[in-house]
Amino acid sequence: MNPEPAPGHGGSEAPWHRVHPVSPLVRGWLAVVAIAFVYGQNTLSSLFGEEEPNPGPDFVSGAPLLVSLLIGGGILLLILLGFFGTWWFTKYQITDRHVNVNSGMVFRQQRQARIDRVQSIDIVQPLVARIFGLAELRFDVADSGSAAMNLAFVKLSEAHELRNAILARAAGLKDSSVPPAPVAPSAAPAGDGADMGSPETAPADAAPVVSAEAAPYISLAASERVVASVPLGRLAGSILLRPSTVFMVLAIIGLGIAMSNIDGFAPFYLLPALLGMAGALWNNLNTGYNFKAATSADGLRLGYGLLDTRHQTVPPGRVQAIKVSAPFLWRKLGWYKVSVNVAGIGGGAANDAEQRSVLLPVGTFEDVLAVLSVVLPAPGVEAPREFFAAALNGSGTDHGFVVSPPRIRPLAPLAYRRQGYALTDTALVARNGALHRTVAIVPHARTQGLSLRQGPLARRLDVVDLWLATIPGPVVPIVRQLDIGSGRELFLEQADRAAAARRQTDSNHWLGDA
Amino acid sequence: MPQEPIDPAGIHWTRVSPSYAKVRMAGWAVGALVTLVVLCVPLVLNRFGVWSGFPLWLAIAAPAVVLAIEIVRLLLIPRQVAAIGYAEREDDLLVRQGLMFQRVLVVPYGRMQFVDVAVGPIDRMLGLCKVKLHTAAADATAEIPGLPLAEGTRLREQLAARGESRLAGL
């Protein structure tokens, strides 16, 4: 993100828009309610002359009705003014190459994002925004560090239009399909003369958000096909059988046993722990509810959420690494989870990073294949179904897997026949874990670097670990305990393979240059 | 430098300046001194009779054990410095480090986001610098300490030029 965007340059072509006027209220409703509650309570209790339960400031409790109403009105007016100000000074603009967002009343902020660096776009609807029919648009930009750009709030339909327009431009469709048409006069009646936010842009809500030239893209992204969805029963089961839940239950049982020796113990004392657990379970249920994964021209579309809903778009070219995992208790049920590393999502700074990097919270083998076919369009093997079956549940050297030598058995008594790697034409597949099984897939073209690591114990057994460097995220691809000779060979070969794959792809536009 | 079993075949490593050991030793001296002073506090208090309840053997043993460990670490420093090496290949940079826990890292030039050259106070006295090649992956950040200034500048220019010509986005 450049520190100095130049609104004047892009502004001449594309009009500036404002977000929806209700937005500040949707964001700040909790504060308003809290102030109204406290103030109203104080005023009322003083009016009816009751004993002040918790005496407020004197000017409130002692004032007659008119004065307190005036003060209340004044506070309300101030809040409304603040809301109006934040709304008035928040503007956005979408040009062919950039998205610009200006915000801030006292401390002005201008942010610019390069569209060809957009990694993924989310449409988020918190509960209150849903009531108003509004949505927040969030996009992660590769060169913006950890911070995501967001646009809160616009109408849901506008949010969809904006997403499609940005993604189509990010995909590079602009260059190949449509010649740049001049902005239709009818499209932006207010925007033409008002690029720097003069008052004429105020009715911008009425004007179409996306200029006329973007219209062809919209039809392109409209078709989506659901490839996987999660039924409620399976979601609930997966949450209960998740390792973290099992640990929590064991911890609470242990706590109960330990505390039962204390005099005067009542089961009631376990309530905080139980509440915490219920909160965590609810959180999982809330975010995983009604999960749907769909394919569309611009990538994998995910939608989920019970109270707060979120629609995520993950373009295939942005996926840096993929992990399929099967916790021990899920295996009998044939359930798997798919998560990915995407730049801007997995940084860990954002509290929803973990949730947003999940492509499939729980699914069958068929669901996993369907999702993989979108994010890894060319697996590079002849029989993908058999290959991924071997990767997920197999062991030994079938389907081209290279596994750890038998001499490391004392170090990995269960996993030594399973842990290993396989190479496809397009990716390296690392297979790990005997009880909690994982498979990590790193496309050759996305390899950021490689390292060989060896500790003293591994040196004695002549084995070596190969780490594939990838951007921060839930996937940490490691090929464990390879024979030293083949590890060294793989190291340099893989570096060369990555270099060759890199030369053939330009990841800034994932469709346009094809 | 000796060829370790972990090193890929056919790579000629460039060593960093042996005087980088002095930088590491300076860091070691500060760290060891602070640790030892803290650990000697009970002993001193005990001797002056302020904290006579503290067992004398422990007050002596703790600093002694730490001192022994620190001396071993000091003796290892020259060998650790000798274990640092780098090699430039056509498409990528290789960096190796470590005696006990060894690591060889390969970073493609095209993945480079930016190059840092850092010079600390003791580095400056010895005419050394540290070159850091940043990529999007925290794992693949190549760090070469203890380069002579001229070599560091050359490497930075070289890396920047090669990164430019092989730029691959993310």
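In this convention, every chain numbers its residues from 1, walking through the sequence in written order. Lettering for chains starts from A, numbering for ligands starts from 1, and both go in the order in which the items are written. A pLDDT threshold of at least 70 governs which residues receive local features in this predicted model, and a stricter bar of 80 or more applies before side-chain atom pairs are shown or counted, although totals over entire chains, interfaces and linings include all residues. The side-chain figures draw on all heavy atoms in the structure; neither hydrogens nor water molecules are used.

Focus: the packing of helix H1 (residues 20-47) of chain B against helix H2 (residues 56-82) of chain B
Any two packed helices are characterised by the angle at which their axes cross and by the distance between the axes. All names here are of chain B. Applied cut-off: Note on geometry: axes are C-alpha line fits, over the in-contact stretch for helices, and angles between N-to-C directions span 0 to 180 degrees. A run of H or I in DSSP counts as a helix once it spans at least four residues, and a run of E counts as a strand once it spans at least two, with each numbered from the N terminus. Note on terminology: angles under 35 degrees are roughly parallel, angles over 145 are roughly antiparallel, angles of 65 to 115 are roughly perpendicular, and the others are oblique. Charged residues are taken to be Asp, Glu, Lys and Arg, nonpolar residues to be Ala, Val, Leu, Ile, Met, Phe, Trp, Tyr, Cys and Pro, and polar residues to be all remaining types, Gly included.
Two numbers describe how H1 lies on H2: the axes approach to 9 Å, and their chain directions differ by 175°. Between H1 and H2, the crossing angle belongs to the class labelled roughly antiparallel. For the contact of H1 with H2, the class distribution of residues is 22 nonpolar, 3 polar and 4 charged.

A look at the interface of chain B and chain A
Put simply, the rule reads: Throughout, a contact is declared for two residues whenever any of their heavy atoms are within 4.5 Å. What counts as a salt bridge is simple: a side-chain nitrogen of Lys or Arg found within 4 Å of a carboxyl oxygen of Asp or Glu. Polar contacts, as used here, are pairs of N or O atoms within 3.5 Å; protein pairs need one atom able to donate a hydrogen and one able to accept it. Residues neighboring in sequence count only if both atoms are side-chain atoms.
Counting from both sides, the interface comprises 30 residues of chain B and, opposite them, 35 residues of chain A. The interface formed by chain B and chain A includes 1 salt bridge. The salt bridge partner of Arg89(B) is Asp496(A), with a shortest N-O separation of 3.0 Å. Counting across the interface, chain B meets chain A through 9 residue pairs in polar contact (both at pLDDT 80 or more). Among the secondary structure elements, those contributing two or more residues to the side of chain B that touches chain A are strand E3 (92-97) and strand E4 (102-108) of chain B. When residues in the side of chain B that touches chain A are grouped by element, the largest group, 7 residues, is from E4(B). Looking at the side of chain B that touches chain A residue by residue, the class counts come to 20 nonpolar, 3 polar and 7 charged.

Observations concerning the nonpolar core
Within soluble globular proteins, side chains that are nonpolar tend to cluster in buried spots. The test is simple: Nonpolar cores are built from buried Ala, Val, Leu, Ile, Met, Phe, Trp, Tyr and Cys residues. Side-chain atoms within 4.5 Å join them into one set. Buried residues are those whose accessible area, probed at 1.4 Å on protein chains only, stays under 20% of the maximum for their type, while exposed residues exceed 50% and partly exposed ones sit between those limits.
Core analysis: the biggest nonpolar cluster contains 47 residues, and Ile322(A), Leu359(A) and Ile441(A) have the highest contact counts within it. Per-element tally for this core: the top contributor is helix H13 (residues 365-375) of chain A, with 8 residues. Sequence-distant contacts of Ile441(A), defined by excluding residues within four places in its chain, comprise Ala321(A), Ile322(A), Leu372(A), Leu376(A), Phe388(A), Ala427(A), Leu428(A) and Val429(A). By size, the runner-up hydrophobic cluster in this structure holds 29 residues, among which are Tyr20(B), Val95(B), Tyr109(B) and Leu147(B).

Digging into the confidence of the model for chain A
Residues and elements named next belong to chain A. As a reminder, the rule being used: A residue's pLDDT is the predictor's confidence in that residue, given on a scale from 0 to 100.
Of all residues in chain A, 79% have pLDDT values of 70 or greater, and the mean over the chain is 79. Across residues 1-11 the pLDDT falls below 50, and counting only partners more than four positions away or on other chains, this stretch makes 19 contacts in the model. Note on residues 174-221: pLDDT under 50 across the span, and 67 contacts to partners over four residues away in sequence or across chains.

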